[in-house]
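Report on the structure
Each chain is listed here by its residues.
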Amino acid sequence: MQQKLVVFSGAGISAESGIPTFRDANGMWGKYDAMKLASVGGFEEDPQAVLDFYNARRKNLLEVEPNHAHRVLADLEKQYDVTVITQNVDNLHERAGSSKVIHLHGELTKVTSSYNRLDTNCIKEYPLDVPIRLGDKAVDGSQLRPYIVWFGEYVDNMDLAEYLVKMADIFVVIGTSLVVYPAAGLVNYAHMEIPKFLIDPNDMKGGMPVGFEHIKAKAVEGVDVLVRRLKEMEE
Ligand code: OAD
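If you're wondering where the values come from, they're calculated on a predicted model, not measured in any experiment.

Reading the values: the criteria
- Residues numbered from 1 in each chain as written.
- Predicted model: local features only at pLDDT ≥ 70, side-chain atom pairs only at ≥ 80, totals over all residues.
- Heavy atoms only, no water.
- Near = heavy atom within 4 Å.
- Polar contact = N/O pair within 3.5 Å; in protein donor to acceptor, adjacent residues only side chain to side chain.
- Areas by Shrake-Rupley, 256 points an atom, 1.4 Å probe, with all protein chains shown as cover.
- Nonpolar A, V, L, I, M, F, W, Y, C, P; charged D, E, K, R; others polar.
- Pairing = 2+ DSSP bridges.
- Helix = DSSP H or I, 4+ residues; strand = E, 2+ residues; numbered from the N terminus.
- Axes fitted to C-alpha atoms, helices over the stretch in contact; angles between N-to-C directions.
- Contact = heavy atoms within 4.5 Å.
- Salt bridge = Lys/Arg side-chain N within 4 Å of Asp/Glu carboxyl O.
- Buried < 20%, exposed > 50% of the residue type's maximum accessible area, 1.4 Å probe, protein only.

1. Considering the site of the ligand
Around the ligand sit 23 residues, and of these Arg23, Thr176, Ser177, Asp200 and Asn202 come closest. Note that a nitrogen atom of the ligand is positioned 3.1 Å from one of the side-chain N or O atoms of Glu16. Between the ligand and the protein, one listed contact pairs an oxygen atom with a side-chain N or O atom of Asn202 at 2.7 Å. Relative to its free-state accessible area of 800 Å², the ligand is covered by the protein chains to the extent of 94%. Of the residues contributing to the shell around the ligand, the split by class is 9 nonpolar, 9 polar and 5 charged.

2. A few points about the sheet that holds strand 3 (residues 101-103)
The 6 strands are arranged 3-2-1-7-8-9 in an open sheet whose pairing can be described as parallel. Each having just a single partner strand, strand 3 and strand 9 (213-215) make up the two edges of the open sheet. Strand-to-strand twist of the sheet, defined as the mean angle between neighbouring strand axes without regard to direction, takes the value 20°. Looking at chain direction, strand 7 (residues 170-174) and strand 8 (residues 196-199) are connected through 4 bridges and run parallel. When the sheet's bridge partners are listed, Phe171 is paired in strand 8 with Lys196. Packed onto the sheet, helix 9 (residues 219-234) meets strand 1 (4-9), strand 7, strand 8 and strand 9 and runs at close to 160° relative to strand 8.

3. Some points on the pattern of salt bridges
This model, assessed by the stated rule, comprises 12 salt bridges. Residue Lys216 is joined to Asp203 by a salt bridge in which the shortest nitrogen-to-oxygen separation is 2.8 Å. Pair noted here: Lys216 is in the loop between strand 9 and helix 9 and Asp203 is in the loop between strand 8 and strand 9, with a separation of 13 residues, a long-range link. Since its relative accessible area comes to 48%, Lys216 is described here as partly exposed. Judged by its relative accessible area of 56%, Asp203 falls in the exposed class. Glu232 is paired through a salt bridge with Arg229; the nearest N and O atoms lie 2.8 Å apart. Of this pair, Glu232 and Arg229 both sit in helix 9, 3 residues apart, roughly one helical turn. Glu232 gets classed as partly exposed once you look at its relative accessible area, which sits at 44%. Several salt bridges share partner residues, and in doing so they unite Arg117, Arg145, Glu153 and Asp156 into one network.

Quick look at the structure:
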């Protein structure tokens, strides 16, 4: 049986594809107000501004490509039972070929109801080159909104993610500042004795989580170090 390798990724893995992170210098939340653009209150107050913000990010997704880090993770499926749990709302893991991807914070490729975000009748794929406009309706008659988990909203995939991390034989964290909860708490669910790696070029502001080996490199370089370390473990 293949070992279960669970990856937990954040914005840093997509940085080399040209998608800015949130909290680095030039990060999204340095330029834009998260509470205005990524919260239910912000959407109620100025829906046009929120739609403009996400329409731009949706369109940008057509202009970027997966990078070496996404591709190496997809390639690891030849040897391991890989699940990627991502905080990212882009689709670069899927486009690189990863077959099991769980999105904790939603997906730019989908839209949903603004009355009930989790209504499965209303969640649907929506072409990235078609902007979501004020007046566009979900099937329940409410304003269409991006399928994104905004601040203060329930992270519906957390139970599944916690279970998968608990069951992991190897755990790899890549490109996340580990400051946004509940997602960041996932690092505490891995079994004490399994190999745990964290790929990030910077020191972790909140300190390194316990038991992790820090591969201090950008994701595109760090994944090659990871593959070497996994090979060494097999020998
Ligand atoms: P952050 O912007 O908070 O953190 C990005 C992390 O990536 C930092 O630890 C950086 O050091 C690291 N990093 C930067 N460049 C990198 C590179 N080339 N390779 C690898 N790592 C690199 O992003 P997240 O932790 O993903 O939520 O943010 C978590 C959540 O906050 C997001 O999902 C988003 C945001 O608000 C929502 O929008 C709901």
